[in-house]
Amino acid sequence: MLDIVRDTKQSAKKERVSIYQPEQDGLIFPEIPEFETVEQERAYRKKHLVAACRAFAQHGFDYGFAGHLTVRDPGRPELYWTNPMCVHFSQVRMSNLILADHKGHVVEGDYAINRAGFVLHGAVHEEYPDIVAMCHAHTTYGTAWCTTGRPLDMISQDAACFYNNHAVVGASAGAVAVEEGSGWSVAKEIGRNRGVLHQNHGLLTTSRHSIDDAAFWFIALERACQQQLLIEATGIKPQPVSQKTAEYSREHVGNDYIGWLHFQTLYGHIAATQPDMFA
Ligand SMILES: [Zn+2]
C-alpha cells in the first residue's frame, strides 16, 4: 500500500543527492519510485495528492471550501488533478479527485471545481509548464503575516529554507481571485519562488519536483509565519541567521528532494492510519 520502496541496496547504487541518504547498505529509507508505466505514476501522484490534502486537514488548514492543491497529470500535462469543491480536506480520497484543464473544465470526476482554484492554479500551471504541483490555503498564521506585506526574516534554519526563494506579491492583494486577469498577474510572480505570501490573502507554494515537495514547504511556510509572529509579539529583536548560513540551509536542508523526503513521514502516517484515502 505504501509507495515507498524500502530497499536501500538499490539506493546504494544510486547517486546520493542528499547528506540525509544513508551511506550504509540495507537500511530502511524512503526511495523515490521509478515507474514503468504512466498509469503507475498517475496513481502515485493521486495518492500523494490525497495524502497532502489530509495532511492539510491534520494541520488545521481548512477554511470552508477555501484551499486547493493541484498536481499535473503525467500523461496529459495540460491537465491537473485537484481536490473537489466543498469536500473537507480530511474527506478527499482517490475516487473523488477531479481532473481539470487550464480553463477549469472538469474532464474526469463527479465533483465541481473551485473557481478561485482554477483561476490561480490554471494560470500558474499554464505559465510555467515545468511546475508540477501547487498548494494554496487560507491559514491562520500565513494570512496574518501576509497582512504585513513583509517577507520573512531569516531567524531560523527553518525560515532559511525560504532564503531568496519566497516573495510578497501585492498584486490583487486581498481580492478574491475569481477573475482571470487577477490570476495571470499573480501567476507570474508565483512561479519564480518556492513560496509566495499573497498580501492580505494567504500562502501559496509551487514545486517543480512533486506534490509532496509543494505540500511540505507549504506546511513549513505556515510554520515560519507563526514563528515570526511569535517573536514579533515579544518585542525582542531576534538574532538573524547569517547570509552564508541561510544559503547553506536552503541548499542542503531546504531543497526539493528534502521537501519530498520530509513529506514521506506524513505520507506513511496518513496511509497507515487513514486507509479510506485509497478508496
Ligand atoms: Zn485563496
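Residues numbered from 1 in each chain as written. Predicted model: local features only at pLDDT ≥ 70, side-chain atom pairs only at ≥ 80, totals over all residues. Heavy atoms only, no water.

## Overview of the packing of helix H2 (residues 38-58) against helix H9 (residues 256-273)
So, step 1. Taken N-terminus to C-terminus, the directions of H2 and H9 make an angle of 80 degrees; their axes are 10 Å apart at the nearest point. As judged from the angle between their axes, H2 and H9 are roughly perpendicular. Where H2 abuts H9, its residues Tyr-44, Lys-47, His-48, Ala-51, Ala-52, Arg-54, Ala-55 and Gln-58 lie against Trp-260, Phe-263, Gln-264, Leu-266, Tyr-267, His-269 and Ile-270.
So, step 2. The residue inventory of the contact of H2 with H9, partitioned by class, reads nine nonpolar, four polar and two charged. (Axes fitted to C-alpha atoms, helices over the stretch in contact; angles between N-to-C directions. Helix = DSSP H or I, 4+ residues; strand = E, 2+ residues; numbered from the N terminus. Parallel < 35°, antiparallel > 145°, perpendicular 65-115°, else oblique. Contact = heavy atoms within 4.5 Å. Nonpolar A, V, L, I, M, F, W, Y, C, P; charged D, E, K, R; others polar.)

## A word on the nonpolar core
Most often, soluble globular proteins keep nonpolar side chains buried together rather than apart.
So, step 1. With 58 residues, the main nonpolar core has Phe-56, Leu-69, Cys-135, Ile-211 and Phe-263 as its most contacted residues.
So, step 2. For this core, the secondary-structure elements that each account for two or more residues are H2, strand S1 (68-72), strand S2 (79-82), strand S5 (133-137), helix H4 (140-146), helix H7 (211-234), helix H8 (243-253) and H9.
So, step 3. The leading source of residues in this core is H7, at 11 residues.
So, step 4. With residues up to four places along the chain from it excluded, the contact list for Phe-56 reads Phe-61, Asp-62, Leu-69, Phe-89, Cys-135, Ala-137, Ala-215, Phe-218 and Ile-219.
So, step 5. Judged by nonpolar contacts, the second largest core, of 12 residues, contains Ala-123, Val-169, Ala-187 and Ile-190. (Core = buried A, V, L, I, M, F, W, Y, C linked by side-chain atoms within 4.5 Å. Buried < 20%, exposed > 50% of the residue type's maximum accessible area, 1.4 Å probe, protein only.)

## Thoughts on unusual backbone geometry
So, step 1. Of note, the phi angle at Cys-86 is positive, near 60 degrees, even though the residue is not glycine.
So, step 2. Examined against the element boundaries, Cys-86 turns out to sit in the loop between S2 and strand S3 (98-101).
So, step 3. Given a relative accessible area of 59%, Cys-86 falls into the exposed group.
So, step 4. For Asn-164, which is not a glycine, the phi torsion comes out positive at approximately 50 degrees.
So, step 5. On the secondary structure map, Asn-164 appears in the loop between helix H5 (157-160) and strand S6 (166-169).

## Things to note about a nonpolar patch on the surface
So, step 1. A cluster of nonpolar side chains, contributed by Ile-19, Tyr-20 and Tyr-248, occupies part of the molecular surface with about 350 Å² of accessible area.
So, step 2. Inspection of the secondary structure assignment puts Ile-19 in the loop between helix H1 (8-13) and H2.
So, step 3. Overall, Ile-19 belongs to the exposed group, its relative accessible area being 56%. (Patch = residues over 30% accessible without salt bridge, like charges linked within 9 Å, V, L, I, M, F, W, Y side chains within 5 Å. Areas by Shrake-Rupley, 256 points an atom, 1.4 Å probe, with all protein chains shown as cover. Salt bridge = Lys/Arg side-chain N within 4 Å of Asp/Glu carboxyl O.)

Treat this as a map of the structure, not an account of what it does.
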